[in-house]
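# Coordinate analysis (summary)
Given next are the chains, with one letter for each unit.
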Amino acid sequence: MKTFKANQTQIILKQGDITEENCDGIVNAANSSLMGGGGVDGAIHRAGGPEILKECKKIRERQGKLPTGKAVITTAGNLNAKAVIHTVGPIWQGGNDQEKELLKKAYKNSLIIAKENDLKTICFPSISTGAYGFPIEEAAEIALKTIKDFCKEDQCYKEIRMILFSEDDYEVYLNKAKDIFNK
Ligand code: ADP
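Every value quoted in this text rests on a predicted model; they were computed, and no experiment measured them.

### Looking at the packing of aromatic side chains
Throughout the structure, instances matching the rule amount to four aromatic pairs. Ring centres 5.8 Å apart and planes at 45° place the aromatic pair Phe150 and Tyr157 in the tilted group. For the pair shown, Phe150 and Tyr157 are each scored as buried.

The following block contains the structure:
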């Protein structure tokens with residue numbers, strides 16, 4: 001685990017399973033269907049229980065599929081959190097299909113909706129770098145820069161954690177964070 005600072009917000013990088021975190025908001029790398037899936041999405045629904053999917057279904061009925069880059073919020077069910085924020089990262093198509101902008105939007109819109117719901121500590125997984133194939137180096141840079149830029153403007157968060165599932169992913173994020181935050 002390693003801690004950085006962006007304005008008044010603690011930025012924590014940690015290797016682990018996001019479903020085991022204790023915080024206000026857990027971000028889910030969902031897919032547009034909001035009906036659950038593999039990877040971190042599956043893990044969150046499994047650990048959080050059926051209440052999460054129930055709310056996702058209601059959102060789906062109300063507003064249809066969730067577009068890439070957007071975010072919605074539900075209960076956290078049995079997780080040690082107040083809410084789950086579901087966002088959809090882009091599927092990597094080679095880099096010329098607005099993937100970078102959309103990944104940035106996924107982080108930013110998650111930060112905005114969590115703020116609107118008064119969440120003070122939130123945890124992110126590495127959005128889009130699993131099944132969606134986004135190159136991890138670039139994704140890490142976008143994730144951390146977007147978080148830093150947000151914290152420059154807004155001091156609403158006490159703590160923002162990036163939870164990296166593998167040691168390799170953790171190392172990539174750590175190296176980027178040293179560049180981005182120790183300036
Ligand atoms: P996407 O479809 O957005 O790529 P994935 O769930 O396939 O989403 O992968 C996103 C990242 O989440 C990957 O780096 C994957 O290793 C990681 N991941 C999978 N399960 C967990 C978990 N329980 N906690 C934290 N990260 C996880």
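Still more ground to cover, so stick around.
### Focus: the nonpolar core
One finds Ile11, Leu13, Ile122, Phe124, Ile160, Met162 and Tyr173 to be the most contacted residues of the largest nonpolar core, which totals 38 residues. Going through the elements one at a time, strand S1 (2-6), strand S2 (9-15), strand S5 (83-88), helix H3 (99-116), strand S6 (121-124), helix H4 (136-153), strand S7 (159-164) and helix H5 (167-181) are the ones with two or more residues in this core. Here the element with the most residues in this core is H4; it accounts for eight residues. Once you skip the residues sitting within four places of it in the chain, Leu13 turns out to touch Met1, Lys2, Phe4, Leu144, Met162, Tyr170, Tyr173, Leu174 and Ala177. The next biggest cluster of nonpolar side chains, apart from the first, holds 18 residues, and it includes Val72, Ala76, Leu79 and Ala81.

### Some words on the packing of H3 against H4
Viewed as axis vectors pointing N to C, H3 and H4 meet at an angle of 40°, and their least axial separation amounts to 9 Å. One finds that H3 runs oblique with respect to H4. For the pair H3 and H4, the crossing hand works out as right-handed. For the pair H3 and H4, the contacting residues are Lys100, Leu103, Lys104, Tyr107, Lys108, Leu111, Ile112 and Lys115 in the first and Glu138, Ala139, Ile142, Ala143, Thr146, Ile147 and Phe150 in the second. Class assignment for the residues of the contact of H3 with H4 results in nine nonpolar, one polar and five charged.

### What about the pattern of salt bridges?
Under the criterion given, the structure shown has 12 salt bridges. Notably, a salt bridge pairs Glu137 with Lys176, separated by 3.7 Å at the nearest N-O pair. Of this pair, Glu137 sits in helix H4 while Lys176 is found in helix H5, placing the two residues 39 residues apart along the sequence. In this structure Glu137 comes out as partly exposed when scored by relative accessible area, which is 44%. Judged by its relative accessible area of 16%, Lys176 falls in the buried class. The closest approach of N and O atoms between Lys176 and Glu141, which form a salt bridge, is 3.2 Å. Remark: Glu141 occurs in helix H4 and Lys176 occurs in helix H5; sequence separation between them is 35 residues. Where salt bridges share partners, they join Lys14, Glu21, Glu159 and Arg161 into one cluster.

What counts, and at which threshold
- Residues numbered from 1 in each chain as written.
- Predicted model: local features only at pLDDT ≥ 70, side-chain atom pairs only at ≥ 80, totals over all residues.
- Heavy atoms only, no water.
- Phe/Tyr/Trp six-rings, centres within 6.5 Å; stacked < 30°, edge-to-face > 60°.
- Buried < 20%, exposed > 50% of the residue type's maximum accessible area, 1.4 Å probe, protein only.
- Core = buried A, V, L, I, M, F, W, Y, C linked by side-chain atoms within 4.5 Å.
- Helix = DSSP H or I, 4+ residues; strand = E, 2+ residues; numbered from the N terminus.
- Contact = heavy atoms within 4.5 Å.
- Axes fitted to C-alpha atoms, helices over the stretch in contact; angles between N-to-C directions.
- Parallel < 35°, antiparallel > 145°, perpendicular 65-115°, else oblique.
- Left-handed = near helix turned anticlockwise from the far one by under 90°.
- Nonpolar A, V, L, I, M, F, W, Y, C, P; charged D, E, K, R; others polar.
- Salt bridge = Lys/Arg side-chain N within 4 Å of Asp/Glu carboxyl O.

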